[in-house]
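Chains, contacts and geometry: an overview
Now for the letters of each chain:
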Amino acid sequence: MKRNIFGFWVVLLFIILNNPVYALQSGQIEYTVPIDYSLIDENILNNEAETLFKNYLSTTDEQAKKAMLERLLSDYSILSQINKDNPLYFVRLGIIFDKMGKDRYAKSNFCRGSNLVPDYPYAFHCFGNYFFDRAEYKKALREYKRAFDCGYNNNYDNIYRIAVIYEKFGDYSTAIKYYKLALICKNSEELTKKIHSLEELLQINSLYNQSRGLYK
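In short, a report on the structure.

The rules behind each value
- Residues numbered from 1 in each chain as written.
- Predicted model: local features only at pLDDT ≥ 70, side-chain atom pairs only at ≥ 80, totals over all residues.
- Heavy atoms only, no water.
- Core = buried A, V, L, I, M, F, W, Y, C linked by side-chain atoms within 4.5 Å.
- Buried < 20%, exposed > 50% of the residue type's maximum accessible area, 1.4 Å probe, protein only.
- Contact = heavy atoms within 4.5 Å.
- Phe/Tyr/Trp six-rings, centres within 6.5 Å; stacked < 30°, edge-to-face > 60°.
- Helix = DSSP H or I, 4+ residues; strand = E, 2+ residues; numbered from the N terminus.
- Lys NZ or Arg CZ within 6 Å of the ring centre and 35° of its normal.
- Axes fitted to C-alpha atoms, helices over the stretch in contact; angles between N-to-C directions.
- Parallel < 35°, antiparallel > 145°, perpendicular 65-115°, else oblique.
- Left-handed = near helix turned anticlockwise from the far one by under 90°.
- Nonpolar A, V, L, I, M, F, W, Y, C, P; charged D, E, K, R; others polar.
- Salt bridge = Lys/Arg side-chain N within 4 Å of Asp/Glu carboxyl O.
- Expected span 1.5 Å × (residues − 1).
- Arc of directions from axis to C-beta.

With that settled, the discussion passes to the nonpolar core. Core analysis: the largest hydrophobic core is formed by 54 residues, its most contacted members being Tyr-76, Phe-110 and Tyr-179. With sequence-adjacent residues up to four places away left out, Phe-110 is seen in contact with Phe-90, Val-91, Gly-94, Ile-95, Cys-126, Phe-127 and Tyr-130.

Take the packing of aromatic side chains next. Taken as a whole, this structure holds 14 aromatic pairs when the rule is applied. Between Tyr-156 and Tyr-160 the ring centres are 5.7 Å apart and the planes differ by 20 degrees, which places this aromatic pair in the stacked class. On the criterion of helical spacing, the pair formed by Tyr-156 and Tyr-160 is a turn pair, its members being four residues apart in helix 8 (residues 156-168). Centroid distance Tyr-166 to Tyr-178: 5.8 Å. Interplanar angle 10 degrees. Geometry classified as stacked. Residue Tyr-166 is found in helix 8, and its partner Tyr-178 is found in helix 9 (residues 172-185); the two are separated by 12 residues along the sequence. Ring-pair connections join several aromatic residues into one group, and the members of that group are Phe-110, Phe-127, Tyr-130 and Phe-131. Between the NZ or CZ atom of Lys-65 and the centre of the ring of Tyr-56, over which it lies, the distance is 4.0 Å.

One way to put it is that helix 5 (residues 103-116) packs onto helix 6 (residues 121-132) with a least axis distance of 9 Å and a crossing angle of 155 degrees. Classified by the interaxial angle, the pair formed by helix 5 and helix 6 is roughly antiparallel. For the element pair helix 5 and helix 6, the recorded crossing hand is left-handed. Contacts between helix 5 and helix 6 pair Asp-103, Ala-106, Lys-107, Phe-110, Cys-111, Gly-113 and Ser-114 from the former with Ala-123, Phe-124, Cys-126, Phe-127, Tyr-130 and Phe-131 from the latter. The residue inventory of the contact of helix 5 with helix 6, partitioned by class, reads nine nonpolar, two polar and two charged.

This part covers the pattern of salt bridges. As a working rule, side chains carrying opposite charge can pair if their charged atoms are close by. Overall, the coordinates contain 12 salt bridges when judged by the stated rule. Where Arg-71 meets Glu-48, a salt bridge forms, and the shortest distance between an N and an O atom there is 4.0 Å. With Arg-71 in helix 3 (residues 62-82) and Glu-48 in helix 2 (residues 42-58), this pair connects stretches of sequence that are 23 residues apart. The class for Arg-71 is partly exposed, based on a relative accessible area of 43%. Where Arg-71 meets Asp-75, a salt bridge forms, and the shortest distance between an N and an O atom there is 3.2 Å.

Our next topic: helix 5. Taking 1.5 Å as the rise per residue, helix 5 with 14 residues should run 20 Å; its terminal C-alpha atoms sit 20 Å apart, in good agreement. For helix 5, the set of buried residues is Tyr-105, Ala-106, Asn-109, Phe-110, Gly-113 and Ser-114. Seen from one end, helix 5 has its buried residues packed into an arc of 165 degrees, which puts them on one side. Relative to its buried face, helix 5 has exposed residues pointing more than 90 degrees away, namely Arg-104 and Asn-115.

With that out of the way, let us pick up the environment of Ser-74. Tracing the backbone shows Ser-74 in helix 3. Sequence spacing of Ser-74 and Leu-93 is 19 residues, and the spatial spacing of their C-alpha atoms is 9.5 Å.

Once that is clear, we can look at the packing of helix 7 (residues 137-149) against helix 8. Across the interface, helix 7 lies against helix 8 with an axial gap of 10 Å and an inter-helix angle of 145 degrees. Crossing handedness for the pair helix 7 and helix 8: left-handed. On helix 8, the residues that touch Tyr-137, Ala-140, Leu-141, Tyr-144, Lys-145, Ala-147 and Phe-148 of helix 7 are Asn-158, Ile-159, Arg-161, Ile-162, Ile-165, Tyr-166 and Lys-168. In terms of residue class, the contact of helix 7 with helix 8 is made up of 10 nonpolar, one polar and three charged.

Function-wise, these values are silent; they only describe arrangement.
Right, dumping it as C-alpha cells:
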C-alpha cells in the first residue's frame, strides 16, 4: 500500500515538472493544472472571452456576474500565457482582479499591461480608473493624461474624469477646459450646466479677489 502511494506521488510530480503549469488564482484558492497551450486556439478563446466580458459589463445579476468573473479569470489567464506580449489580456486581468477585490494582483497586471506597449491608451485609462476608485486622484490624473496623450484625446470618459479631478483640486479653469473637450465628444445638457456653474463660480471668485485688492 505504501509503495502504491509513493508511486502515485512520483508519477504526479513527473507530470507537473514536465508540463507547462497554469496557476489559477480564484476567489479563495490557488491550484495548478497542467495545460498544453499549443492545443488552444488564441483567436477563438479571445472572441469567447471578449463576448463574456461585454456580457459581464451589461448584466445586473450579481450571482451571474460572480460566475462570469471566475470564467473570465480563467480565460484571460490562459490567454496571457499563450501570448505574453498582448497588453489587453493583462489589462483585462487587472479589471477582473479589481472586481474581485484583489488589489495587489490588479495593480500588478495593470502595470504589466501599461509597460508592454508604451503608447497603449486603454491600459493607462483603466489604470487611472483603478486609482480614481480609491480616491488616489494624483495618480489617477497621471494615468488619464498619459491615455489622453496617447490617443484618448477624444475619449469622453477619459476626458471627463480629468475634468472631475481638476474640479476636485479646485482648479476650475482647467476643469472647464476639459469639460468643454468632453462636451465636444458627447453633447450633454447636464455637462453644459456644469460648465456654466463653474464659469459663474470663477467669476464670483474673481470679483471677490478684486474687491479684496481694493481694501488693501
